[in-house]
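What the coordinates show
Residues per chain are reported as follows:
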Amino acid sequence: AQSVTQLGSHVSVSEGALVLLRCNYSSSVPPYLFWYVQYPNQGLQLLLKYTSAATLVKGINGFEAEFKKSETSFHLTKPSAHMSDAAEYFCAVSDHEAGNNRKLIWGLGTSLAVNP
Amino acid sequence: KAGVTQTPRYLIKTRGQQVTLSCSPISGHRSVSWYQQTPGQGLQFLFEYFSETQRNKGNFPGRFSGRQFSNSRSEMNVSTLELGDSALYLCASSLGVGETDTQYFGPGTRLTVL
C-alpha cells in the first residue's frame, strides 16, 4: 500500500537559515506528489505539486521541492526562512494504486518553528 | 472570489448524538472532498462528491455519510458519535475531478465528542 513518511515531526530553524523538510513515499507507480501548509486555525494551502513534468518544482512563498525517483523522496526546501513560514507542513501522494488519483494519502506533518 | 467555507467552525456533542457539517465550495467548483484530521492518524480521506454523486470513499464506517446538492454545497453527517470521532473535519473543493485539479481547503470544523 502507498504511504508517505515525513521525517521529523518538529523542525526548528533560525530566521534566514535553510529550510529542509523531508518527505519519502512508497508507490509502485509514478505518483503525483504535493506539499501543503497549514497555519493555525486555517485550512491547508497548496505550496506546490509534482505531476510528472519537471522534477524540480517551484511553489509559492519561495519554496521548492525536487522529485527523486531513485530515493523515492520529495523534500521541500527554502533558501532563507522567514518568521511567517512557521506552520505545519504536509506531504501527500495521490493514491494511484487504488486507481484513485483523486484520493490523497498524507504524511503526519512537520511543524516548522522559525527562531529570530 | 470567496474561499471554501465550512460551518459551524466548532461543535461540541456527546456520545450517541449525530452531527451534520456543511461545506460551501468556491464558486464554480463542482468537486467536494472531505477529510478527517487527528493528531494520531493525521489526515484521512472520507469521501468525494462530484455533480451530486459520490465518486470515491475512504475506509470509514457507515456512520459517516455525505451528500452534495445541485449548487455543489455538501454536507457530511456522522451518526451515533463516538469519542474517537473528535477531530478537525476539512472540506476541499476543486473545479473538476481531473487528476491534477488543485484542491482548495476550508478552515475546517472542529468536532469535540464528550
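The following paragraphs examine the structure supplied in this document.

What counts, and where the lines are drawn
- Along each chain, residue indices are assigned from 1 in the same order as the chain's sequence is written.
- Chain labels run from A onward and ligand labels from 1 onward, assigned in the order the entries are written.
- Two thresholds apply to this predicted model, a pLDDT of at least 70 for residue-level local features and 80 or more for giving and counting side-chain atom pairs, whereas whole-chain, interface and lining totals are computed over all residues.
- The side-chain figures draw on all heavy atoms in the structure; neither hydrogens nor water molecules are used.
- Strand pairing is assigned whenever DSSP detects at least two bridges linking the two strands.
- For the purposes of this entry, the term helix denotes a DSSP run of H or I that reaches at least four residues, the term strand denotes a run of E that reaches at least two, and both are numbered from the N terminus.
- Inter-axis angles, ranging from 0 to 180 degrees, are taken between N-to-C directions of lines fitted to C-alpha atoms, where helices are fitted over the stretch in contact.
- For Phe, Tyr and Trp, rings pair up if their centres lie within 6.5 Å, where Trp contributes its six-membered ring, and each pair is then called stacked (planes under 30 degrees apart), edge-to-face (over 60) or tilted (otherwise).
- Each residue is assigned to one of three classes by its accessible area relative to the maximum for its type, calculated with a 1.4 Å probe on protein chains only: buried under 20%, partly exposed between the two thresholds, exposed over 50%.
- Disulfides are defined as pairs of cysteine sulfur atoms found within 2.5 Å of each other.
- Here a residue-residue contact requires only that any non-hydrogen atoms of the pair lie within 4.5 Å.
- Each of two parts loses accessible area, computed with a 1.4 Å probe, when they are put together; buried area is these two losses added.
- In the sections that follow, a salt bridge refers to a side-chain nitrogen of Lys or Arg positioned within 4 Å of a carboxyl oxygen of Asp or Glu.

Next up on the list: the sheet that holds strand β1 (residues 3-7) of chain A. All names here are of chain A. If you walk across this open sheet you meet the five strands as β1-β3-β8-β7-β6, and the pairing is antiparallel. Taken across any chain shown, the strands that pair with only one partner, and hence form the sheet edges, are β1 and β6 (56-58). Between one strand and the next, the sheet's axes are offset by a mean angle of 20°, whatever the strand orientation.

Turning our attention to the packing of aromatic side chains. In the structure shown here, the tally under the stated rule is 14 aromatic pairs over all chains. With centroids separated by 5.3 Å and ring planes inclined at 80°, the aromatic side chains of Y36 of chain A and F105 of chain B adopt a geometry described as edge-to-face. With Y36 of chain A in strand β4 (residues 33-38) and F105 of chain B in strand β10 (residues 104-105), this pair bridges two chains. With relative accessibility at 1%, the residue Y36 of chain A sits in the buried group. The class for F105 of chain B is buried, based on a relative accessible area of 10%. An aromatic cluster is present here, built from F34, Y36, F90 and W106 of chain A together with Y35, F45 and F105 of chain B joined pairwise through their rings.

Another aspect to go through is the state of the cysteines. Residue and element names in this part refer to chain B. For the structure shown, the criterion picks out two disulfides over all chains. With its sulfur 1.7 Å from that of its partner, C23 forms a disulfide with C91. The S-S bond linking C23 to C91 shows a torsion near -50°; that makes this disulfide left-handed. Taken together, the residues span a long stretch of sequence, with C23 in strand β3 (residues 19-24) and C91 in strand β9 (residues 87-94) at a distance of 68 residues. Considered together, C23 and C91 belong to a single accessibility category, that of buried residues.

Taken together, the 27 residues of chain B in the interface contact 18 residues of chain A. Buried area between chain B and chain A, summed over both chains or domains, comes out near 1,800 Å², and the portion from carbon and sulfur atoms is 49%. Applying the counting criterion to the chain B and chain A interface returns zero salt bridges. Mapped onto the side of chain B that touches chain A, the elements with two or more residues apiece are β4 (31-38), β5 (42-50), β6 (53-57) and β9 of chain B.

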